[in-house]
Amino acid sequence: GGDTKRVLMEGVVDLCWYLPAGEEDGLSEAVAFTNLRGNAQDHMQQFNFLIQISFMTFVLLTQDDLKEDEKITMLEELNEAPGKLVLLFSDLAMEDEFPELEELQDCNVLKMKKRNLAVINRDIKSFIIANLRNNTQQFKTLKSCFKIARQTGIHVDEDDPECCAGQQLAQNVMKEIDRVKSTSSVMNEILPLQGKDLWHEWSQHNKEKHRFLKKGDCTYYDYKEEMDQKKDKIRVKQLKKSDPPTTVMKMFMSYLLQHKGPIRDYFLQWLKFLLDERSQKILPPLLSSYEQLKRNIQKSSEETSDCITEDEEALRKRLAEIKLELNAASLGLEHFFRELSQMYESVMEVPNEVTQDLESKVSCLPALAAELLVAGYPLELMDGDASHVPMTWVRAVLDELHTLLKNSHLFVVSVLGIQSSGKSTLLNTMFGIRFAVSAGRCTRGAFIQLLKMQKGPGQSDYLLVVDTEGLRAPELDSQSMLKHDNEMATFVIGLANVTFINIKGETPSDIQDIMQTSVHAFIRMNEVEVKPSCHFVHQNVSAMSADTKLTQGRTKLVESLDEMVQYAAKQQQVQTKYRVFDQVVRFDVEKDVWYFDSLWRGSPPMAPVNPGYCDSSKKLKAALIQLASEKNSFTMETFQQHISLLWSAVLNENFVFSFKNMLEMAVYSQLD
């Protein structure tokens, strides 16, 4: 309150954004509201800045304030400022006259004495909306306020030498990217090694080498030789494109290796910001065209159900082109680090073709990636586009991480769920990290992030958090989606000490299908000692009624998973070893099921965060930390061995991943 002496907040300016929620609130643009804490007379620097940037200024005062010459002068300055001035008198009633106000022409006066607070709020809101609608001035951006801040003597963070240096480096990279005129060809021109004809094709050959799905009449030895030769040819092609690297990658590598500390951090943050800004400009029209084309194709198919017409074929071709443009428009930092990983793998796997200069530069990359991982940056573990783990690169980074962390212990936590079910939001809320969040397929593949833990009795040194892309993505065709999602789920569940299965509402059939497939895969992977632990997190479910409403659903889930285990055990002839789900994946139906309220209290975008969601996150985090002290964690050495064995087992699994669920497997087995 105004009578309480401020200790920390005196002179602080709060800023709050109001985001339009639709036509009912009367606003079509985001509006920033600022609040100067304390007496404006004591904080002239902040006062002068605010009156220059504000479209409208509200001043709360009393009649006595207008008896002081200094305050009258301040109000006159305000009245001459670009924005509108509104005076709120707490001690004037509607019928009261106040001659002193005549000196302040063109200002608006609101008298609040003897009036209901709700009516005052309504009048203020109506006044703001009416004036914003009639506004002919250009809206200010935060960037446009920098000059005014400097003129009033306020320090701007972007003026720090390290920040300026990092920003300049990021802008240099963006200038080179912008030289590529065609959106669809950006990836191939600046990041050629991860293209479909190189890294994607190499990944398919590597899987085929282990699974023999198209072997035909060849012997196993000859077929493996054939796949190895194809892989080597692709690596040679990658190497030729790496030496020399593209201008963008040459700049990116040199900036990361030459600069350390704040400049490198600023460079990465600015580059991420500028890449996101680029995507926000390009994506909306592309998405609109994509949706319109899909509707046109559907309409054309309904009208000519017997055959595909030339018009429909043209529409489908254009749809494929827009898909490529969408992928190119979604360019992010992870694509740059993915390119580094492919550069490293091609150099390491074709050493005879490498120049000494390239080898010296590339050999430093794993140490750089490990250093960034320790600093809090996410590292891509599984490439979501190719559905493959670059193991040569991952092993090298983990070796360097082992050198940095020495004998540290890791407790690995992963999260899995259907697309846009709130997986990344859950991790960000629990741990204060920044995995990408948005509606749609935001996270691609699997990313790891390292968090330092407070060392306690039996406690691990680090928490390794694994975030994954959403399963059952509509943009993938059904067969590709099944293989991709089943491989991803099996790898991520098997990798972690604890996996959170994130579910929006009650348990959907898709999650049951994926869990069934993963359990079957674990039983078949008898050479890998995998017994992970799973916790089911139901979001958008009221905890008050959850137990009574979902008890039956939980029972059905466990029954279906038990059936899957029994079926898989029978197929592998290990019925005596595996009878229930808990024998394969640790799970207690009474303790390992969590219920979260909705994240928002009301309708976004202006809905406040639900305290119930935050409370549930806190409890889940406490339970997780308790688990980290009770369960065996990985040493760096055992984690490296575990990830290699697990991925090798996933690569060699040639049966389970092609099926949707237990029923499909059973039908196929009977036909066979």
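Let me sum up the structure you'll find in this document. Position numbers for residues start from 1 in each chain and track the written sequence from start to end. Residues qualify for local features only when their pLDDT is at least 70, as the model is predicted, and side-chain atom pairs are given and counted only at 80 or more; totals for whole chains, interfaces and linings, by contrast, use all residues. Here the side-chain values reflect all heavy atoms present in the structure, with hydrogen atoms and water set aside.

1. Things to note about the pairing of strand 11 (residues 533-539)
Step number 1: Each residue is placed in one exposure class: buried if its accessible area under a 1.4 Å probe, protein chains only, is under 20% of its type's maximum, exposed if it is over 50%, and partly exposed if it falls in between. The secondary structure listing takes helices from DSSP runs of H or I that are at least 4 residues long and strands from runs of E that are at least 2 residues long, numbered from the N terminus. Most of strand 11 is tucked away: seven of the seven residues are buried.
Step number 2: The side-chain alternation of strand 11 yields two buried faces, one formed by Ser533, His535, Val537 and Gln539 and the other by Cys534, Phe536 and His538.
Step number 3: Note: strand 10 (residues 498-504) against strand 11, seven bridges, orientation parallel. The residue bridging Asn502 from the neighbouring strand is Val537, located in strand 11.
Step number 4: Paired strands, as defined in this entry, are two strands with at least two bridges between them according to DSSP. Strand direction decides the pairing type here: strand 11 and strand 12 (residues 593-595), joined by three bridges, are parallel. Paired with Phe536 across the bridge in strand 12 is Val593.

2. Regarding helix 20 (residues 611-630)
Step number 1: Given the number of residues in a helix, its expected span is that number minus one, multiplied by 1.5 Å. In this model helix 20 runs 29 Å from its N-terminal to its C-terminal C-alpha over 20 residues, within 8% of the 28 Å that 1.5 Å per residue would give.
Step number 2: Those residues of helix 20 not exposed but buried are Gly612, Tyr613, Ser616, Ser617, Leu620, Leu624, Leu627 and Ala628. Along the axis of helix 20, the buried residues cluster in a sector spanning 150°; they form a single face. Away from the buried face of helix 20 by more than 90 degrees, exposed residues Lys618 and Lys619 are located.
Step number 3: Packing partners of the buried residues in helix 20 comprise strand 7 (409-417), helix 16 (423-431), strand 9 (462-468), strand 10, strand 11 and strand 12. Here the arc refers to the directions that run from the helix axis out to each C-beta atom. In what follows, residue pairs with any heavy atoms lying within 4.5 Å of each other are defined as contacts.

3. Quick look at empty space enclosed by the protein
Step number 1: Note on definitions: the grid is 1 Å and covers protein atoms alone; a cavity is a set of points where a 1.4 Å probe fits but cannot get out; a pocket is an open set with protein on both sides within 12 Å along at least five of seven lines; lining residues have an atom within 4 Å of a point. Grid points are joined across faces, edges and corners, and a volume is the space filled by probe spheres set on the points. In the structure shown here, the tally under the stated rule is two cavities of 30 Å³ or more.
Step number 2: Approximately 30 Å³ is the volume attributed to the second largest cavity.
Step number 3: Pro192, Leu193, Lys241, Ser242, Pro245, Thr246, Met249, Glu339 and Met343 are the residues that line the second largest cavity.
Step number 4: Among the elements of the structure, helix 8 (220-242) and helix 12 (333-349) are those that each provide at least two residues to the lining of the second largest cavity.
Step number 5: Three classes are used, and their members are as follows: Ala, Val, Leu, Ile, Met, Phe, Trp, Tyr, Cys and Pro are nonpolar, Asp, Glu, Lys and Arg are charged, and the others, Gly among them, are polar. Residue composition of the lining of the second largest cavity, by class: five nonpolar, two polar and two charged.

4. Examining a nonpolar patch on the surface
Step number 1: The residues that make up patches have over 30% relative accessible area and no salt bridge, and they are joined within 9 Å when like-charged or within 5 Å when they are Val, Leu, Ile, Met, Phe, Trp or Tyr. Exposure was quantified through the Shrake-Rupley algorithm and a 1.4 Å probe, taking into account, for residues, occlusion by the shown protein chains and nothing else. We count a salt bridge whenever a side-chain nitrogen from Lys or Arg sits within 4 Å of a carboxyl oxygen from Asp or Glu. Nonpolar side chains collect at one region of the surface, where Leu15, Trp17, Leu19, Leu142 and Met606 lie side by side and expose about 460 Å² of accessible area between them.
Step number 2: Examined against the element boundaries, Leu142 turns out to sit in the loop between helix 3 (117-133) and helix 4 (146-151).

5. Points about the side chain of Asn131
Step number 1: With respect to the helices, strands and loops of the structure, Asn131 is situated in helix 3.
Step number 2: A polar side-chain atom of Asn131 sits 2.7 Å from the main-chain carbonyl oxygen of Phe127.
Step number 3: Aside from chain neighbours lying at most four places away, what touches Asn131 is Phe55, Met56 and Lys84. Polar contact criterion, stated in full: a pair of N or O atoms within 3.5 Å, where within protein one must be able to donate a hydrogen and the other to accept it, and residues adjacent in sequence count only if both atoms are side-chain atoms.

6. A look at the sheet that holds strand 5 (residues 108-111)
Step number 1: Spatially, 3-4-5 is the arrangement adopted by the three strands of the open sheet, whose pairing is parallel. The outermost strands of the open sheet, each flanked by one partner alone, are strand 3 (56-61) and strand 5. Ignoring which end each strand starts from, the neighbouring axes of this sheet average 20° apart.
Step number 2: Pairing of strand 4 (residues 84-89) with strand 5 involves four bridges; the strand directions are parallel. Residue pairing across strands places Leu88 opposite Leu110, the latter belonging to strand 5.
Step number 3: Angular values range over 0 to 180 degrees, each being the angle between N-to-C directions of two axes fitted as lines to C-alpha atoms, with helices fitted over their stretch in contact. Here helix 3 sits on the sheet and contacts strand 3, strand 4 and strand 5; the angle it forms with strand 3, its principal contact strand, is near 155°.

7. Points about helix 3
Step number 1: For helix 3, which comprises 17 residues, the first-to-last C-alpha distance of 24 Å matches the rise-based estimate of 24 Å (1.5 Å per residue) to within 8%.
Step number 2: Among all positions in helix 3, only Ile120, Ile124, Ile128, Ile129, Asn131 and Leu132 are buried.
Step number 3: As for helix 3, its buried residues are in contact with strand 2 (31-36), strand 3, strand 4 and strand 5.
Step number 4: The N-capping residue of helix 3, defined by a side-chain oxygen 2.7 Å from the backbone nitrogen of Ala118, is Asn116.

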